[in-house]
Amino acid sequence: MDIKDIQNLIKFVSKAEVSEVKYKTKDFEITIKTPLAGSEAVYAQPAVYHTAPQAVAAAPAPVATPAAAPAEKAEAASDDSKYVTIKSPMIGTFYRKPSPDKDVFVNIGDEVSVGKVVCVIEAMKLFNQIESEISGKIVKILVDDATPVEYDQPLFLVDPS
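Position numbers for residues start from 1 in each chain and track the written sequence from start to end. Where totals are concerned, whole chains, interfaces and linings use all residues; where local detail is concerned, this predicted model gives features only for residues with pLDDT of at least 70, and gives and counts side-chain atom pairs only at 80 or more. To get the side-chain values, all heavy atoms of the structure are used, and hydrogens and water are removed first.

Another point: the overall build of the protein. A tally of regular secondary structure across the protein gives four helices and ten strands. Buried residues are those whose accessible area, probed at 1.4 Å on protein chains only, stays under 20% of the maximum for their type, while exposed residues exceed 50% and partly exposed ones sit between those limits. Looking at the protein as a whole, 21% of its 161 residues are labelled buried. By the convention used here, residues are in contact when the closest approach between their heavy atoms is within 4.5 Å. A fraction of 50% describes how many contacts in the protein between residues 6 or more apart in sequence connect residues 24 or more apart. Only the protein chains shown count as covering a residue, and every accessible area follows the Shrake-Rupley method with a 1.4 Å probe. A total of about 11,500 Å² of accessible surface is found on the protein, and carbon and sulfur atoms cover 57% of it. For the purposes of this entry, the term helix denotes a DSSP run of H or I that reaches at least four residues, the term strand denotes a run of E that reaches at least two, and both are numbered from the N terminus.

In structure tokens, the structure reads:
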């Protein structure tokens, strides 16, 4: 049996969705095992990842749905344009507090300066402090505490004046 035959056998096993195949001849034996039969966790994990982006993608839809007040949207867009956005530098979980028993880093109306910690983003069990890159007043907090955030997702609006 040459390498092409082995590769074809592996492709066949993966398409057949079986957990184990043994092929034996007089002078050759091969066993191919796949994680299909006993590992439901492998398939459950991607389902978790698929639900998170759908929830994030579904969140902006209700905001855009109420078309009854286009004038309010225009005012909000013009108001937001004078603010500077603090964005997430990574994918992770957004936290407003350094730990559950501590106070939040910033509230709406708080003054922030360059280098002041405004939140923490947990990524792969590491808690990364996110510092403000501008000075100003926090006008709006755009993310709920303990929710997943994406790279470059807006977190805070800051009035630099």
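Picking up after the structure, the text goes on.
Another point: the packing of aromatic side chains. Centre-to-centre distance and the angle between the planes together describe a pair of aromatic rings. Ring geometry is summarised as follows: Phe, Tyr and Trp rings, the Trp one being its six-membered ring, pair when their centres sit within 6.5 Å, and such pairs are stacked at plane angles under 30 degrees, edge-to-face over 60 and tilted between the two. Under the counting rule described, the total for this entry stands at two aromatic pairs. Seen in terms of ring centroids, Phe94 and Phe156 are 5.9 Å apart; in terms of plane orientation they differ by 55 degrees. Their pairing is tilted. In this pair, Phe94 sits in strand 4 (residues 92–95) while Phe156 sits in strand 10 (residues 154–159), placing the two residues 62 residues apart along the sequence. Under the relative-accessibility criterion, Phe94 is labelled buried at 0%.

Along the polypeptide, Ser132 turns up in the loop between strand 7 (126–131) and strand 8 (136–141). Under the relative-accessibility criterion, Ser132 is labelled buried at 2%. Any pair of N or O atoms that falls within 3.5 Å is considered a polar contact. Within protein, one atom must be able to donate a hydrogen and the other to accept it, and sequence-neighbouring residues count only if both atoms are side-chain atoms. A distance of 2.5 Å separates the side chain of Ser132 from the backbone oxygen of Ile134, its partner in a polar contact. Setting aside residues no more than four positions away along its own chain, Ser132 makes contact with Ile86, Val112, Ser113, Val114, Gly115, Lys116 and Val118.

Between any two strands, pairing holds if DSSP finds at least two bridges. Strand order in this open sheet of four strands is 3-10-8-5, and the pairing throughout is antiparallel. Both edges of this open sheet fall to strand 3 (84–87) and strand 5 (111–112), since each of them pairs with a single strand only. Pairing geometry for strand 8 and strand 10, over four bridges, is antiparallel. For Lys137, the partnering residue across the bridge sits in strand 10 and is Asp159.

On to the pairing of strand 4. Pairing between strand 4 and strand 9 (residues 147–149): three bridges, direction antiparallel. The partner of Thr93 across the bridge, within strand 9, is Pro148. Two elements, strand 4 and strand 6 (residues 117–123), share three bridges in a ladder whose sense is antiparallel. Of the residues in strand 6, the one forming a bridge with Thr93 is Glu122.

Let us now look at the nonpolar core. Within the largest apolar cluster, 15 residues are counted, with the highest numbers of intra-cluster contacts made by Phe94, Val118, Cys119, Ile138, Leu155 and Phe156. If we ignore the near neighbours within four places in the chain, the residues touching Phe94 are Cys119, Val120, Ile121, Val143, Asp144, Asp145, Ala146, Thr147, Val149, Leu155 and Phe156. The next biggest cluster of nonpolar side chains, apart from the first, holds five residues, and it includes Ile6, Leu9, Val13 and Ile30. In plain words, nonpolar cores are sets of buried Ala, Val, Leu, Ile, Met, Phe, Trp, Tyr and Cys residues tied together by side-chain atoms within 4.5 Å.

Let us now look at the pairing of strand 6. Of all seven residues making up strand 6, seven are buried, and the element is well covered by its neighbours. Pairing of strand 6 with strand 7 involves six bridges; the strand directions are antiparallel. When the bridges of strand 7 are listed, Glu122 appears paired with Phe127. Linking two consecutive strands that pair antiparallel, namely strand 6 and strand 7, is a turn of two residues; a positive phi of about 55 degrees is found at Met124 within it.

Each residue gets a pLDDT score, which is the predictor's confidence in that residue and runs from 0 to 100. Chain-level pLDDT for the protein is 76 on average; 70% of the residues reach the 70-or-more range. Low pLDDT (under 50) marks residues 37–76, which in the prediction has six contacts with non-local residues, meaning those over four places away or in another chain.

This part takes up the side chain of Asp159. For Asp159, the location among the structural elements is in strand 10. In this tally, Lys and Arg are treated as positive and Asp and Glu as negative; His is ignored, and so are the chain termini. The rule for a salt bridge is simple: a side-chain nitrogen of Lys or Arg has to be within 4 Å of a carboxyl oxygen of Asp or Glu. Here Asp159 sits buried without a salt bridge, and the closest side chain of opposite charge, Lys82, lies 5.7 Å off (N-O distance). When near neighbours in sequence (up to four residues on either side) are disregarded, Asp159 contacts Tyr83, Ser135, Gly136, Lys137 and Val139.

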